[in-house]
Each structure stands twice: as structure tokens, then as C-alpha cells.
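Observations on the three-dimensional arrangement
Here's the letter readout for the chains.
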Amino acid sequence: MATSPSKPKPDSALKSFLSGGVGGICTVIVGHPFDLIKVKIQTSAQQASVFSMLTQTFQKEGIRGIYRGVSAPLVAISPMFAVSFWGYDMGKRIVQAVDERYIAKHTNNHIGQDAAAAAVAYPFTISQLCLAGGISALPTTLIMAPSERLKCLLQIHPERYSGLWDCAKKVYAEGGIQSVFRGTGATLLRDVPGSIAWFGTYELVKKGLMKVQKIDPESGALSPLAVLCAGGVAGMACWGVSIPADVLKSRFQTAPAGTYSGVMDVYRHLMKEEGPGALFRGLRPAMIRAFPANAACFFGMEVSKKAFAFMD
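My aim in this report is to walk through the structure given alongside it, one point at a time. Being a predicted model, the structure only gives us computed values, none of them experimental.

1. Quick notes on the pattern of salt bridges
Applying the stated criterion to the full structure yields 14 salt bridges. For the salt bridge of E148 with K249, the shortest nitrogen-to-oxygen distance reads 2.8 Å. Of the two residues, E148 is situated in helix 6 (residues 126-156) and K249 in helix 9 (residues 224-254); the sequence distance between them amounts to 101 residues. The exposure class assigned to E148 is buried, which follows from its relative accessible area of 8%. The partner of R149 in a salt bridge is E174, with the nearest N and O atoms 3.3 Å apart. On the criterion of sequence distance, the pair formed by R149 in helix 6 and E174 in helix 7 (residues 164-180) is long-range, its members being 25 residues apart. E174 sits in the partly exposed class, given a relative accessible area of 48%.

Here it is as C-alpha cells:
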């Protein structure tokens with residue numbers, strides 16, 4: 001008697017959550033100094049090279065200076081990336097569930113075969129993975145927006161706050177929860193297309209490298225160097241798409257209350273006073289940071305997924 005076919009078991013959601021958190025910590029440790037310089041460039045009219053600003057900051061303030069404001073992303077980034085990778089996993093499940101035609105065909109083709117034969121991996125297309133990436137940005141923004149608000153304020157106005165908790169209290173006192181979450185729309189405007197590019201590029205480069213190295217995607221795994229390469233390229237693709245919205249977000253979140261009525265008001269002022277080129281301020285430090293930080297992120301994530309394989 002033939003056993004009924006079973007669907008392939010998806011990765012554990014908890015495993016995706018935890019491995020994403022590890023990847024996030026790796027990202028902050030590697031990329032924060034360049035993120036500091038990016039925000040400085042975006043929120044001032046000062047013209048200086050990335051490495052000269054980094055050197056000046058280090059000479060004046062030491063290692064503590066180049067990691068100024070790190071507490072906000074370090075506290076938030078681990079759960080944020082955890083939610084991001086969990087959201088990506090959920091996005092893939094949603095995409096797969098919507099594709100009922102494939103599931104019906106797959107089931108019919110395996111009638112009379114054993115369950116193991118039916119349990120093959122779902123063949124996601126790159127467009128489906130991009131869609132799943134976009135979905136992942138929705139829950140992530142709930143953590144990202146207040147974290148970015150506090151981080152940017154700590155980086156630009158360090159003299160006003162004694163630390164993360166002091167910054168959070170003063171921001172809340174200024175305008176309540178609405179002040180804490182100022183820039184949420186701009187963060188979403190940045191992170192939805194950014195996440196589409198991030199996850200989509202990573203999967204595309206990973207598939208390409210597997211093909212070049214003649215690795216079976218179903219049973220093989222990329223070398224650490226290949227994972228670092230795919231993650232780095234994904235990070236650069238993400239920031240190439242995200243930087244204009246990131247400039248608007250940084251300006252809006254660090255401006256005194258009442259300066260702008262919204263993100264579109266920031267855009268109008270920026271175009272009038274500084275021109276289109278201002279939308280790409282901070283692109284250089286963002287790109288310099290993107291490769292190593294995101295290479296570290298995906299490497300940490302992939303290593304953690306193997307370590308947490310017992311959760312499947």
C-alpha cells in the first residue's frame with residue numbers, strides 16, 4: 001500500500017530567528033565605524049573623505065569614538081536581524097503556500113510513491129525569493145525605526161546624551177512614542193526595496209557560485225569564502241538601492257521637532273537647497289561598509305544555521 005506523499009519539512013523558524021541574530025551581531029561589530037561616518041556625511045554639509053573622517057574621529061576620541069552610538073544598534077540589531085531572517089523564512093512559506101498549482105501538481109506526480117520521494121525542496125525562483133525578502137522588511141521595521149532614530153541622534157549629537165537610555169528617555173519626553181518612532185515611514189521606504197535587493201542578490205550570487213563550483217544545491221554547501229563573497233555583494237546591492245531613502249530618513253530623524261512635516265518635506269528641502277546629488281550623500285562609506293559587514297552577517301548566519309541544525 002502506497003504511503004501518502006508528504007511535503008518537505010521547512011527549516012525551523014526558531015533556527016532562522018537565532019541564526020539571524022548571530023548574523024546581526026557580526027554586522028554591527030564589523031560595520032559600525034563606517035556607519036558612523038555615513039551618518040555624519042549625510043547630516044552635514046562638510047566635504048571630507050571617508051578615511052580622513054574616520055582617522056580624525058579615531059585620533060580625537062579613540063576606539064570609543066568610532067564606535068559611538070553602537071549601543072543602540074547592538075541592542076536592537078540582534079533581534080532585528082533575527083526578525084529579518086525569520087520574516088524571510090515566513091515570506092518564503094507564504095510564497096510557497098500561494099503557489100497552490102505547484103503543490104497540487106507535485107502531490108499528483110508522487111501518488112503511489114513513498115513519502116521520502118515526495119519530500120523534495122520547493123524550487124523557489126529568484127523573483128519569489130525577492131518577494132519573500134520584501135515581506136521580511138515589514139516586521140523588521142518595528143524594531144529598526146526606533147533603533148535608527150536613537151542611533152542617529154547619538155552619532156550626530158553625542159554632547160546631548162549620556163548614553164542610549166538617556167537618549168531614549170529624552171526622545172520620549174520630547175513627543176512620546178510618536179517621537180521615538182519618527183521616521184518609520186522613511187525606514188520602510190528604505191528597507192522594503194533594500195531587503196528585496198539584499199536577499200535576492202544573495203540567493204542569485206549563491207546559485208551562480210554553486211553552478212560555477214559544480215555544487216548540487218540540494219546536497220552541497222558553499223565554501224566560507226563563497227558565502228563571504230555572496231554576502232558582500234548582496235550588501236552592496238542593498239545599499240545601492242537604499243541610499244536615497246536612507247539620506248531622507250537620517251535628515252528627518254535627526255532634525256529638531258517641527259523642522260519637517262514629513263519625508264516628502266525633507267525631499268523638497270533637499271532638492272531646493274542641495275540638489276539631486278544630496279540623495280547620494282554617504283554612498284561611499286555605505287558601500288565601503290556594505291561588503292565586509294554583510295559578508296560577516298551572512299557568514300555568521302550560515303555557520304549558525306549549521307550549529308542549530310538539530311532544531312529542524
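2. A short note on unusual backbone geometry
In this model, K214 sits at a positive phi of 55 degrees, which is unusual for a non-glycine residue. One can find K214 in the loop between helix 8 (184-212) and helix 9. Residue K214 is classed as exposed on the basis of its relative accessible area of 76%.

3. Overview of the packing of helix 1 (residues 13-42) against helix 6
Any two packed helices are characterised by the angle at which their axes cross and by the distance between the axes. Between helix 1 and helix 6, whose axes approach to 10 Å, the crossing angle comes to 75 degrees. Accordingly, the angle class assigned to the pair helix 1 and helix 6 is roughly perpendicular. Residue-level contacts link H32, D35, L36, V39 and K40 of helix 1 to K151, C152, Q155 and I156 of helix 6. Across the contact of helix 1 with helix 6, the residue classes break down as four nonpolar, two polar and three charged.

4. So, a nonpolar patch on the surface
On the surface, L14, F17, L18 and W86 cluster together into a nonpolar patch covering about 330 Å² of accessible area. Per-element accounting of the nonpolar patch gives the leading share, three residues, to helix 1. On the secondary structure map, W86 appears in helix 3 (residues 71-98). With relative accessibility at 32%, the residue W86 sits in the partly exposed group.

Reading the values: rules and limits
- Note on numbering: residues in each chain are counted from 1, in written sequence order.
- Since the coordinates come from a predicted model, pLDDT governs what is reported: local features require at least 70, and pairs of side-chain atoms require 80 or more to be given and counted, while whole-chain, interface and lining totals use all residues.
- Only hydrogens and water are set aside; all other atoms, that is, all heavy atoms of the structure, feed into the side-chain values.
- The term salt bridge refers to a side-chain nitrogen of Lys or Arg lying within 4 Å of a carboxyl oxygen of Asp or Glu.
- Runs of H or I in DSSP of at least four residues are treated as helices and runs of E of at least two as strands, each being numbered from the N terminus.
- Here the term buried applies to any residue with accessible area under 20% of the maximum for its type, exposed to any over 50%, and partly exposed to those in between, with areas from a 1.4 Å probe on protein chains only.
- To define axes, lines are fitted to C-alpha atoms, for helices over the stretch in contact only, and angles between the resulting N-to-C directions are given on a 0 to 180 degree scale.
- Each angle receives one of four descriptions, namely roughly parallel if under 35 degrees, roughly antiparallel if over 145, roughly perpendicular if within 65 to 115, and oblique otherwise.
- Between two residues, a contact is recorded if the distance between any of their heavy atoms is within 4.5 Å.
- Here the nonpolar group is Ala, Val, Leu, Ile, Met, Phe, Trp, Tyr, Cys and Pro; Asp, Glu, Lys and Arg are the charged ones; every other residue, Gly included, is treated as polar.
- A patch is a set of surface residues, each over 30% in relative accessible area and not in a salt bridge, joined within 9 Å for like charges and within 5 Å for the nonpolar side chains Val, Leu, Ile, Met, Phe, Trp and Tyr.
- Computed by Shrake-Rupley with a 1.4 Å probe, the accessible areas treat only the displayed protein chains as cover when residues are assessed.

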